[in-house]
Amino acid sequence: MTTLTPNHAARFATATLAHLGREYPYKMDLVLTGPEDAKPPREHHPIFHGSFDWHSCVHGWWQILRLARRFPDLAIAADIGARADEMLVPEKVAGERAFLDRPYSAAFERPYGWAWLLALHAETERHNAPWAAALEPLAAAFAQRFHAFLPKLTYPLRVGTHFNIAFALLLARHWAEPRDPALVALIDARARDWFAGDRDCQAWEPGGDEFLSSALTEAHLMAIVLGDDFPRWFDAFLPRAAQQQPATLFTPATVSDRSDGKIAHLDGLNLSRAWSWRAIASALGPAHPVAPVAEAAAQRHLAAALPHVTGDYMGEHWLASFALLALDGLAD
């Protein structure tokens, strides 16, 4: 099985550190309330104004800090630390935090960016640096948004793009487990509300611009939430998985044009499926008949996507984060 190597780490970190400081092109998530709002991205977002959009910048930071921690001998590790010392500081965080108080900002980056900010905060806490303390007010604000939002989300968001709720809850729960037991309980309760009764998933995927598998991301979350009860749930959710059915879940997506930002999402789908298949196999245990086919599916999806993590900016500004999830997971 392909694993994370120093060569992967150097390739990913070098590309990502460069695009974290690349301000344009940039896609704002902004409701204009007047002409005074028409100003450069860095004036709205003192930290997260690179990497094409806010959430990609956030998880780009997560990625390079994790890589620098996992591979401290990387030649680029010192540059990563110096950039973090410059950017992850209280006054810049205050600017990011102030953006959340703008009118019409309640749905800003909900839920994908919220979850990635929590993942970034969790990573900074693993470094002997002041970055986590600086980010704490922003993490607390997004955690509170999860507390307020999840009880009123009547129906789950099952799409394969940024709005997918299972993916966001995977990241948010990882952050909350040692920090916010009430949020863990809320996440687990909502996951059970939405997904515990799901049976015989047809897996009508992928959509043409999706980077998450609705089916596998849900199963991945339920593996964490259900624990020892997961295999029984999974056997009802995907009852023919041992026979590699539905076939679409075991077959890497075809990416026809990597210069098209939406079509390039499909490289991310292959990487996120690899991450989820690996997690599902681990949760089922080696004796389960699906475990070997899940591991094989993960390897096929990795092989399809890893050569394309860098090369075109429309994928390069974000794909390495998903490659890191696929190769190294989220846990420490």
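First, a word on scope: everything that follows refers to the structure included in this document. All of these numbers come straight from a predicted model, not from anything done at the bench.

What counts and what doesn't
Residues numbered from 1 in each chain as written. Predicted model: local features only at pLDDT ≥ 70, side-chain atom pairs only at ≥ 80, totals over all residues. Heavy atoms only, no water. Core = buried A, V, L, I, M, F, W, Y, C linked by side-chain atoms within 4.5 Å. Buried < 20%, exposed > 50% of the residue type's maximum accessible area, 1.4 Å probe, protein only. Contact = heavy atoms within 4.5 Å. Helix = DSSP H or I, 4+ residues; strand = E, 2+ residues; numbered from the N terminus. Arc of directions from axis to C-beta. 1 Å grid on protein atoms, 1.4 Å probe; cavity = no way out; pocket = protein on both sides within 12 Å on 5 of 7 lines; lining within 4 Å. Points joined across faces, edges and corners; volume = space filled by probe spheres on them. Nonpolar A, V, L, I, M, F, W, Y, C, P; charged D, E, K, R; others polar.

## Re the nonpolar core
Inference 1: Core analysis: the largest hydrophobic core is formed by 115 residues, its most contacted members being Trp61, Phe234 and Trp277.
Inference 2: Residues within four places of Trp61 in sequence aside, it is in contact with Leu20, Ile47, Phe48, Ile80, Arg83, Ala84, Met87, Leu88 and Leu120.

## Focus: helix H11 (residues 230-237)
Each full turn of the α-helix corresponds to 3.6 residues, which orients residues three or four apart in the same direction.
Inference 1: Among all positions in H11, only Phe230, Pro231, Trp233, Phe234 and Phe237 are buried. All buried residues of H11 project into a common sector of 160 degrees when viewed along the axis, lining one side.
Inference 2: Those residues of H11 that are buried are in contact with helix H9 (181-195), helix H10 (214-226), helix H12 (265-284) and helix H13 (290-305).

## Side note on the layout of surface pockets
Inference 1: In this structure, the largest pocket spans a volume of roughly 630 Å³.
Inference 2: Lining the largest pocket we find 30 residues, and of these Lys27, Asp53, His55, His162 and His265 sit closest to its centre.
Inference 3: Among the residues forming the lining of the largest pocket, the class breakdown is 14 nonpolar, nine polar and seven charged.
Inference 4: The set of elements that each furnish at least two residues to the lining of the second largest pocket consists of helix H8 (165-176), H10, H12 and helix H15 (319-328).
Inference 5: Each residue belonging to the lining of the second largest pocket can be placed in one class, and the counts come to eleven nonpolar, three polar and four charged.

## Side note on the environment of Phe48
Inference 1: Relative to the helices and strands, Phe48 is located in the loop between helix H2 (41-44) and helix H3 (54-70).
Inference 2: The buried category is assigned to Phe48, whose relative accessible area is 0%.
Inference 3: Sequence separation of Phe48 and His59 is eleven residues, and the distance between their C-alpha atoms is 9.8 Å.
Inference 4: In contact with Phe48, other than residues within four places in its own chain, are Tyr26, Trp54, Cys57, Val58, Trp61, Glu96, Leu117, Leu120 and Leu138.

## Considering the environment of Ala326
Inference 1: By the secondary structure assignment, Ala326 is in helix H15.
Inference 2: Residue classification places Ala326 among the buried positions, given a relative accessible area of 1%.
Inference 3: Along the backbone, Ala326 and Ser272 are 54 residues apart, and their C-alpha atoms lie at a distance of 6.3 Å.
Inference 4: Beyond its immediate sequence surroundings of up to four residues, Ala326 is in contact with Leu271, Ala274, Trp275, Arg278 and Leu302.

## Quick notes on empty space enclosed by the protein
Unfilled space is identified by rolling a water-sized probe across the atoms.
Inference 1: By the definition in use, this model includes two cavities of 30 Å³ or more.
Inference 2: In this structure, the largest cavity spans a volume of roughly 50 Å³.
Inference 3: For the largest cavity, the full set of lining residues is Trp62, Arg66, Ala119, Ala122, Glu123, Arg126, His174, Leu330 and Asp332.
Inference 4: For the lining of the largest cavity, the elements supplying multiple residues, two or more each, are H3 and helix H6 (112-124).
Inference 5: A per-class count over the lining of the largest cavity returns four nonpolar, one polar and four charged.
Inference 6: Considering the residues around the second largest cavity, the lining is formed by Leu157, Arg158, Asn164, Ala166, Phe195, Ser214 and Glu218.
Inference 7: When its residues are assigned to classes, the lining of the second largest cavity shows three nonpolar, two polar and two charged.

## Points about unusual backbone geometry
Inference 1: Note the cis peptide between Tyr24 and Pro25, where omega equals 0 degrees.
Inference 2: Mapped onto the secondary structure, Pro25 falls in the loop between helix H1 (6-20) and H2.
Inference 3: Backbone torsion omega between Glu205 and Pro206 reads 5 degrees, so that peptide bond is classified as cis.
Inference 4: With respect to the secondary-structure elements, Pro206 resides in the loop between H9 and H10.
Inference 5: Unusually for a residue other than glycine, Gln244 sits at a positive phi of about 60 degrees.
Inference 6: Positionally, Gln244 belongs in the loop between H11 and H12.
Inference 7: Looking at Gln244, the relative accessible area reads 33%, which means it is partly exposed.

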